[in-house]
Amino acid sequence: MAFLDQCADAIEVRRAKLRKRGYALAAETIFPTGQAILWYSDAILCVPRSGQAVARQIARLCGDDSQVTIPWRSLADAVGVRDRAGNLRRYTERGVKTLIDAEWLEVETVGSKRGAKTTFRLLAGDLSSECLGWIDDEEWFTEAA
């Protein structure tokens, strides 16, 4: 079974949302560039989907730098994915926690409440430990004996 056949429903849902909005969101169109693309290409191999979505936006925002200071709400809006309860921020926080636990990201918050400034620093994680790697369609959809 081809990948397109398996994901056709999810693709159509995204197309419908795009048609309804009338424009693409930054999270849907811009790919990371600069120095951060190297970090992103390694980090996505070692974290689950929530971490991958957050890693992409942090890398996009960092560009040629290795850190970015951005409010949590803005990062959540950039990621643009909601959890099952419909919360943008909670999904983003879970993705950031995944990146921190895998030692790919460091977060420093200065201040509190609305005046808080959060800095996200890219770290060189360990590729040798429990990375997901690339999975072929055949490996993904066959049952383990």
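Note that the structure is a prediction, hence the values are computed from the model and not measured.

Residues and numbers for the confidence of the model for the protein, please.
Mean pLDDT over the protein: 77, with 73% of residues reaching 70 or higher. Confidence, expressed as mean pLDDT per element, reaches its minimum in the protein at helix 7 (residues 137–141) with 48 and its maximum at strand 2 (residues 105–110) with 92. This stretch, residues 133–137, has a pLDDT under 50; its non-local contacts, to residues over four places away or in other chains, come to six contacts. Segment residues 139–145 is flagged for pLDDT under 50; beyond a separation of four residues in sequence, or across chains, it makes two contacts in the model.

So what about the pattern of salt bridges? Which residues, and what values?
Taken as a whole and assessed by the stated rule, the structure comprises four salt bridges. Among the ionic pairs, Arg89 bridges to Glu93, the shortest N-O distance being 2.8 Å. With Arg89 and Glu93 both in helix 6 (residues 88–101), this residue pair falls four residues apart, about one helical turn. Residue Arg89 is classed as partly exposed on the basis of its relative accessible area of 40%. For Glu93, a relative accessible area of 32% puts it in the partly exposed group. In this structure, Arg121 and Glu108 form a salt bridge, with 2.9 Å as the shortest nitrogen-oxygen distance. Taken together, the positions of Arg121 in strand 3 (residues 117–122) and Glu108 in strand 2 put the pair 13 residues apart, joining distant regions of the chain. Under the relative-accessibility criterion, Arg121 is labelled partly exposed at 23%. By sharing partners, the salt bridges in this structure join Glu106, Glu108 and Arg121 into a single network.

The rules we used
Residues numbered from 1 in each chain as written. Predicted model: local features only at pLDDT ≥ 70, side-chain atom pairs only at ≥ 80, totals over all residues. Heavy atoms only, no water. pLDDT = per-residue confidence, 0-100. Helix = DSSP H or I, 4+ residues; strand = E, 2+ residues; numbered from the N terminus. Contact = heavy atoms within 4.5 Å. Salt bridge = Lys/Arg side-chain N within 4 Å of Asp/Glu carboxyl O. Buried < 20%, exposed > 50% of the residue type's maximum accessible area, 1.4 Å probe, protein only.

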